[in-house]
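Single-letter residue listing:
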Amino acid sequence: MGNPLLTFWKQLFGPEDDRRVRRTTLRAAAASAAQASATIFLVMRRMRAPLIVLIVIFAVSVLGLTLIPGQDPAGRPWRMGFFDAFYVMSYTASTIGFGEIPYPFTYNQRMWVTISIYLTVIGWAYAIGSLLALLQDRAFRGALALQHFTRKVARLREPFVVVAGYGRAGELLGHSLDALGRRFVVLDVSGERIDQLELGSYHADIPGLAADARDPGHLAVAGLDHPCCEAVVALTDDEEANLTVVMAAALLRPELPVIARATSEAMAERMRAFGRPSVVDPFDRFGDHLRLALSAPASYQLLTWLESGPGQPLPGRGTPPRDGRWVVCGYGRLGRELTADLRAEGIEVTVIEPDPRARQDPAIVVGDGADPRVLEQVDLPSTVGFVAGTDNDTANLSLVAAARRVNPSLFVAARQNRPTSSPLFAAMELDALLVPTEVVAHEVYAQLSTPLLWRFLREMPARGDAWAADLVDRLTGLCGPQLQALWKVRLTPQEAPALQRWLASGEARLGDLLRNPEDREEPLHATVLLVLSDGEAVLAPDGDHVLRPGDELLLAGWSAARRALGTILLVDSVLEYVVSGRRVPSSWVLRTLSRTPAPDERTPARTR
């Protein structure tokens, strides 16, 4: 992240282009900051009349007490001073009522105080009613929420992600980021979703604002110009809103990585016109996943497991049929992607589309996929795969039921559109299920969690299905049926100071590093998924892989192994024991008494 003060001065006195972008961002932030600070002005404007009424009633009541004469105990005339009158009206108007001072009131004074009491009751009722109406006012509550949100974002002192859109995809992504200890800020146009965010079981306090993400000022208040902002994610249901977020981030903070959701190639191209955003198309990704599942089931199993995040169980390894004909119901965005991907694999595909306008395409059967006559027309008994891919959950469920009634041995895939339909699709026991929001959330999580995981997932299918199956067996033998911690390590002087001399010797082998610091004969419960060295990636290296200074490692394993490895990277004496088997005192006093040189005065010897 760097030093925020140095970053500020660089942006203030840096190149003219940087200063122009910074000034534009500051103007957008200042506009929303002014809106956030307008709460007090809104209160004063709405409460102006009630306060004036109270002040006038109070002033007239005090003036009357000073003008109406009273009597002292000797019967002589006496007039109350302004201080005494103010004091009497203060405890009278506040309903405390200490009594009559300094002398008993005359009948004229008591009559005036009686009138003042009724007047102050009316004034207080008017003021309290106006205040309650103000508290229920939408504009006031919005301004108050904006002010509170602005303060919470300004207090963030650790890297965070701006998430625009807190639907199902945003919620899944939020819980995954929270499990990794990552902070994020949420913008969503729906106040109900922001209320759900407040009720969510997150480890940290998540700032959320019910606002339109298409407003650059709202993005600025959400932390777009904050020095700790590390990425922007657009996951709203409105693709135009996602495009606006991409545009704002590219123009105001071009150095930030941006990830956006899009379900059409035209919208994706419009987004790519602004910088280099990562565009996630759930239908395209599902087609790619289906192709991978057809050609390499173990690779697909490993990919979905790692994309799901820590704590998720190992998914089953399906075996989609490659030989035979498939039927795809619905030729919308998903149907077109699946049809193209299946045909690219050399698989024959028949499409069923209820829209009569599709009659122009001879490869499409027009009709209702649940109609037995249509199913007879496509010869469903001889089909091996069936996809219910419409945008209606009820229609998809009925299509699956009708297809299975004709051919129970079908490989069935379906699309789930609404989260509330999840129990119904789970009861159908489908072979493959597409939930677009989950595909988007997993894809974004893989990109945000660590770039190493994203690169591993992109390069892993090229290694072959047997390699992926072997890695799955290694991971399950290490972690069990649930994925444990995923983390990265950089072998730099800042993060691994104890390793620098060992790495420079050219004999730092991966297998020697992954040993238990309590008993070096036992390996750590961790495996290295990827080593990145000078831009070159090595997937699942063996123990003889030689590490070099500056290498980046992606590891999977138990949290205890992560803590143990952190100790090895930082403590010289622990590294000495792990590598050479020699117990070296860690403190200067013990080394002096035992006349043992410091571990950094020699290069650890590799035990063979």
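For the structure itself, look to the data block above.
Chemist: Give me the sheet that holds strand S10 (residues 348-353): which residues, what numbers.
Modeler: Spatially, the six strands line up as an open sheet ordered S11-S10-S9-S12-S13-S14, and their pairing is parallel. In this open sheet, the two strands that pair with only one neighbour each are strand S11 (364-366) and strand S14 (432-434). Mean inter-strand twist for the sheet, computed between neighbouring axes without regard to direction, equals 20°. Two elements, strand S9 (residues 325-329) and S10, share five bridges in a ladder whose sense is parallel. Paired with cysteine 329 across the two strands is isoleucine 352, which belongs to S10. Most of the contacts of helix H13 (residues 282-295) go to S14, to which it runs at about 165°, and overall it touches S9, strand S13 (411-415) and S14. Packed on one face of the sheet, helix H17 (residues 393-406) meets S9, strand S12 (383-388) and S13 and runs near 165° to S12.

Chemist: Explain unusual backbone geometry residue by residue, including any values.
Modeler: In the Ramachandran plot, aspartate 379 falls in the positive-phi region, its phi being about 55° despite a non-glycine side chain. Within the element layout of this structure, aspartate 379 appears in the loop between helix H16 (372-377) and S12. Of note in the backbone geometry, alanine 540 takes a positive phi value of approximately 45° without being a glycine. With respect to the helices and strands, alanine 540 occurs in the loop between strand S17 (536-539) and strand S18 (552-557).

Chemist: Which residues make up the environment of tryptophan 487, and what are the values?
Modeler: Locating tryptophan 487 in the fold gives a position in strand S15 (residues 485-490). Placed 75 residues apart in sequence, tryptophan 487 and arginine 562 show a C-alpha to C-alpha distance of 7.9 Å. In this structure tryptophan 487 touches Ala526, Leu553, Leu554, Leu555, Ala556, Gly557, Trp558, Ala561, Arg562 and Leu565, once residues within four positions along its chain are discounted.

Chemist: Could you give an account of the packing of aromatic side chains, naming the residues involved and the relevant values?
Modeler: Under the defined criterion, the tally for this structure stands at six aromatic pairs. Ring geometry for phenylalanine 58 and phenylalanine 86: centres 5.4 Å apart, planes at 70°, overall edge-to-face. Of the two residues, phenylalanine 58 sits in helix H4 (residues 48-67) while phenylalanine 86 sits in helix H5 (residues 82-93), which places them 28 residues apart along the sequence. By relative accessible area, which is 22% here, phenylalanine 58 ends up partly exposed. With a centroid separation of 5.6 Å and 75° between ring planes, the pair formed by phenylalanine 184 and tyrosine 202 is classed as edge-to-face. Linking phenylalanine 184 in strand S4 (residues 183-188) with tyrosine 202 in the loop between helix H9 (191-199) and strand S5 (208-210), this pair joins segments that are 18 residues apart in sequence. Tyrosine 202 gets classed as buried once you look at its relative accessible area, which sits at 13%. Over the ring of tyrosine 107 we find arginine 110, and its NZ or CZ is 5.9 Å from the ring centre. A cation over a ring is seen here: arginine 458 above tryptophan 454, with NZ or CZ 4.1 Å from the ring centre.

Chemist: Account for the pairing of S12, with residues named and values stated.
Modeler: Of all the six residues making up S12, five are buried; the element is thus mostly covered by neighbouring parts of the structure. Pairing geometry for S9 and S12, over five bridges, is parallel. Across the sheet, the residue bridging to valine 328 is valine 387, located in S12. Both S12 and S13 contribute to a ladder of four bridges, which runs parallel. By the bridge assignment, glycine 385 is partnered in S13 with phenylalanine 411. A crossover links S12 with its parallel partner S13, the connecting element being H17, and its sense is right-handed.

Chemist: Outline the side chain of threonine 390, listing residues and values.
Modeler: Inspection of the secondary structure assignment puts threonine 390 in the loop between S12 and H17. A distance of 3.3 Å separates a polar side-chain atom of threonine 390 from the backbone oxygen of asparagine 392. Those residues within four positions of threonine 390 in sequence are excluded, and the remaining contacts are Cys329, Gly330, Ala395, Asn396, Leu399, Arg415 and Asn417.

Chemist: Provide a residue-level description of the environment of leucine 251, including the pertinent values.
Modeler: Following the sequence through the fold, leucine 251 ends up in helix H11 (residues 239-252). Along the primary structure leucine 251 and phenylalanine 274 are separated by 23 residues, whereas in three dimensions their C-alpha atoms are 8.0 Å apart.

Chemist: Explain a nonpolar patch on the surface to me, and be specific about the residues and the numbers.
Modeler: Where nonpolar side chains cluster on the molecular surface, the patch consists of Trp124, Ile128, Leu131, Leu132 and Leu135 and spans about 470 Å² of accessible area. Of note, tryptophan 124 is situated in helix H6 (residues 107-136). Note on tryptophan 124: relative accessible area 40%, which makes it partly exposed.

Chemist: So, the nonpolar core: which residues are in play, and what are the values?
Modeler: In this structure, Leu302, Leu306, Val444, Leu448, Phe456 and Leu529 are the most contacted members of the largest nonpolar core, which totals 50 residues. In terms of residues, this core owes the most to one element, helix H21 (residues 465-479), which gives six residues. Excluding residues that lie within four positions of it along the chain, leucine 448 makes contacts with Val161, Leu173, Leu177, Arg182, Ala231, Val233 and Ile259. Val162, Ala213, Leu243 and Val245 belong to the second largest nonpolar core, which has 34 residues in total.

Chemist: Mind laying out the pairing of S4, listing which residues take part and the relevant values?
Modeler: By the criterion of burial, S4 is predominantly enclosed, with six of the six residues buried. Where strand S3 (residues 160-164) meets S4, five bridges bridge the pair, whose relative direction is parallel. Within S4, the residue paired with phenylalanine 160 across the bridge is arginine 183. For the handedness criterion, the β-α-β arrangement of S3, helix H8 (residues 168-179) and S4 is classed as right-handed. Inspection of the sheet shows S4 paired to S5 by three bridges, in the parallel sense. If you follow leucine 187 over to S5, its bridge partner there is leucine 209. In the classification by handedness, the crossover that spans S4, the intervening H9 and the parallel S5 is right-handed.

Chemist: Kindly report on the pattern of salt bridges, identifying the contributing residues and their values.
Modeler: Applying the stated criterion to the full structure yields 25 salt bridges. When the shortest N-O distance is used, the salt bridge between arginine 214 and aspartate 238 registers 3.6 Å. Linking arginine 214 in the loop between S5 and helix H10 (216-224) with aspartate 238 in the loop between strand S6 (229-234) and H11, this pair joins segments that are 24 residues apart in sequence. With a shortest N-O distance of 2.5 Å, arginine 253 and glutamate 255 are connected by a salt bridge.

What counts as what
Each chain has its residues counted from 1, following the order in which its sequence is written. Reporting of local features is limited, given that this is a predicted model, to residues whose pLDDT is at least 70; pairs of side-chain atoms are given and counted only at 80 or more, and all residues count toward the totals for whole chains, interfaces and linings. Side-chain descriptors were evaluated using all non-hydrogen atoms of the structure, hydrogens and water having been removed beforehand. Two strands make a pair as long as DSSP finds a minimum of two bridges between them. A run of DSSP states H or I qualifies as a helix once it reaches four residues; a run of E qualifies as a strand once it reaches two. Both are numbered from the N-terminal end. Note on geometry: axes are C-alpha line fits, over the in-contact stretch for helices, and angles between N-to-C directions span 0 to 180 degrees. In what follows, a contact means two residues having at least one pair of non-hydrogen atoms within 4.5 Å. Note on aromatic pairs: the rings of Phe, Tyr and Trp (six-membered ring only in Trp) are paired at centre separations within 6.5 Å, and the planes decide the class, stacked below 30 degrees, edge-to-face beyond 60, tilted for the rest. Per-residue accessibility, obtained with a 1.4 Å probe over protein chains only, is compared with the maximum for each type, and a residue is labelled buried under 20%, exposed over 50%, and partly exposed between these values. We call a charge positioned over a ring when the NZ of a Lys or the CZ of an Arg lies within 6 Å of the ring centre and within 35 degrees of the ring normal. Whether a crossover is right-handed depends on one test, that the path from the first strand over the helix to the second runs clockwise when the strands point away from the viewer. Counting of polar contacts relies on pairs of N or O atoms within 3.5 Å, with two restrictions inside protein: one atom must be capable of donating a hydrogen and the other of accepting it, and residues adjacent in sequence are counted only when both atoms are side-chain atoms. Put simply, a patch holds well-exposed residues, over 30% relative accessible area, that have no salt bridge, with like charges counted together within 9 Å and Val, Leu, Ile, Met, Phe, Trp or Tyr side chains within 5 Å. We get accessible surface area from the Shrake-Rupley algorithm with a probe of 1.4 Å; when it comes to residues, only the shown protein chains can shield them. Whenever Lys or Arg places a side-chain nitrogen within 4 Å of a carboxyl oxygen from Asp or Glu, that contact is recorded as a salt bridge. Put simply, buried Ala, Val, Leu, Ile, Met, Phe, Trp, Tyr and Cys residues joined by side-chain atoms within 4.5 Å make one nonpolar core.

Everything listed is a geometric property; what it means functionally is a separate question.
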